[in-house]
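The chain contents come next:
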Amino acid sequence: MAEQSLDELGPVDYVVVEFPAGASNFTGEMAAELLALVDSGTIRVIDVLILTKDQDGAVEAMELSDIGELGELQALEAQLAELLAEDDVEHLAAAMEPGSTAGVLIWENLWAAPFASAARRSGGQLIANGRIPIQAIIASIEADEPLTTQGE
Amino acid sequence: MPLRPARRGRVGVIRAPVAKTAVVAKAVTPGAAPVARTAVVAAAVKPGRRRRI
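Remember, it's a predicted structure, so these values are computed and weren't measured experimentally.

*Asks:* Explain the overall build of chain A to me, please; I cannot follow it from the model alone.
*Replies:* Counting its regular elements, chain A contains five helices and four strands. Starting at the N terminus, the α and β elements of chain A follow one another as β-α-β-β-α-α-β-α-α. Relative to the 2.2 N^0.38 estimate, which gives 15 Å for 152 residues, the radius of gyration of chain A is 19 Å and therefore markedly larger than a compact globule would have. The C-alpha extent of chain A, read off along each of the three principal axes, is 60 × 45 × 30 Å. Expressed as a percentage of the 152 residues in chain A, the buried residues total 31%. The long-range share in chain A, meaning contacts at least 24 apart out of those at least 6 apart in sequence, stands at 79%. Summing over all exposed atoms, chain A offers an accessible surface of approximately 9300 Å²; the carbon and sulfur share of this is 56%. Taking the 5 positively charged and 28 negatively charged side chains of chain A as two groups, their mean positions are separated by 11 Å.

*Asks:* I keep staring at the overall build of chain B and nothing clicks. Help me out?
*Replies:* Along the backbone of chain B there are two helices and zero strands. The buried share of chain B, taken over its 53 residues, is 15%.

*Asks:* Is there a simple way to think about the pattern of salt bridges in this case?
*Replies:* It is possible for side chains of opposite charge to pair when their charged atoms get near one another. Following the criterion strictly, the structure yields nine salt bridges over all chains and no others. The residue Asp47 of chain A makes a salt bridge to Arg7 of chain B at a minimum N-O spacing of 2.7 Å. You can see Asp47 of chain A sitting in strand S2 (residues 43-53) and its partner Arg7 of chain B sitting in the segment before helix H1 (24-27), one on each of two chains. When its relative accessible area of 0% is taken as the criterion, Arg7 of chain B is described as buried. Residues Glu82 of chain A and Arg4 of chain B are paired through a salt bridge, measuring 2.7 Å at the closest nitrogen-oxygen approach.

*Asks:* Before we go on, may I ask you to explain the interface of chain A and chain B in this structure?
*Replies:* Interface size is commonly expressed as the accessible area that is lost once the parts come together. The interface of chain A with chain B comprises 35 residues on the first partner and 30 residues on the second. One can count seven salt bridges joining chain A with chain B. Linking Glu63 of chain A and Arg7 of chain B is a salt bridge whose minimum nitrogen-to-oxygen distance equals 2.8 Å. Between chain A and chain B we count 18 residue pairs in polar contact (both at pLDDT 80 or more) in total. Sorting the residues of the side of chain A that touches chain B by element identifies strand S1 (12-19), S2, strand S3 (59-63), helix H3 (86-93) and helix H5 (134-151) of chain A as the ones contributing at least two each. Element by element, the count of residues in the side of chain A that touches chain B is highest for H5 of chain A, at ten residues. When grouped by side-chain class, the residues that make up the side of chain A that touches chain B number 17 nonpolar, four polar and 14 charged.

What counts, and at which threshold
Residues numbered from 1 in each chain as written. Chains lettered and ligands numbered in written order. Predicted model: local features only at pLDDT ≥ 70, side-chain atom pairs only at ≥ 80, totals over all residues. Heavy atoms only, no water. Helix = DSSP H or I, 4+ residues; strand = E, 2+ residues; numbered from the N terminus. Rg over C-alpha atoms; globule rule 2.2 N^0.38 Å. Buried < 20%, exposed > 50% of the residue type's maximum accessible area, 1.4 Å probe, protein only. Contact = heavy atoms within 4.5 Å. Areas by Shrake-Rupley, 256 points an atom, 1.4 Å probe, with all protein chains shown as cover. Lys, Arg positive; Asp, Glu negative; His and termini not counted. Charge placed at Lys NZ, Arg CZ, Asp CG, Glu CD. Salt bridge = Lys/Arg side-chain N within 4 Å of Asp/Glu carboxyl O. Polar contact = N/O pair within 3.5 Å; in protein donor to acceptor, adjacent residues only side chain to side chain. Nonpolar A, V, L, I, M, F, W, Y, C, P; charged D, E, K, R; others polar.

Put into structure tokens, the structure is as follows:
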């Protein structure tokens, strides 16, 4: 990261994945898929935190290294940049239900960096980005179906 | 367990409380045929699909 110029930095995203009380089923599958994305050069993991929210809404944050046996994630943990600040914890935990645990993952989209750099070199500037929820796609298609039927 | 000292006293990058995203698992299983919903979404993003304006 130290040698990486800002111009070469890919978009940085985050997710908060909640595991409701009693619903977690860790088989190692998530870690394996994450490592596959890293190994393929698709993403670079920047930071990871584990949050817990008790029934009273109190939030506790843990480092990845605090969860004990990391297995294959050990190598990933050593590369984290600790981007998140203590200030971020409450903001990230706002979406969590009481009694749940959540993993926070921040990553750089390495796959997008060359295109983003090319766009900047071409004079482009990012003015909007976002994600389209699957629910919105379903709603769009379902709204479209009667029109399609009528038009046929 | 406490966070590492490097995380304390810094300005955060998440600027506001995060809103909960609608849970996708619930959104795509409202009826008896979640597989059909999956097919609908797949059709929506199928290569070559053209919008009608």
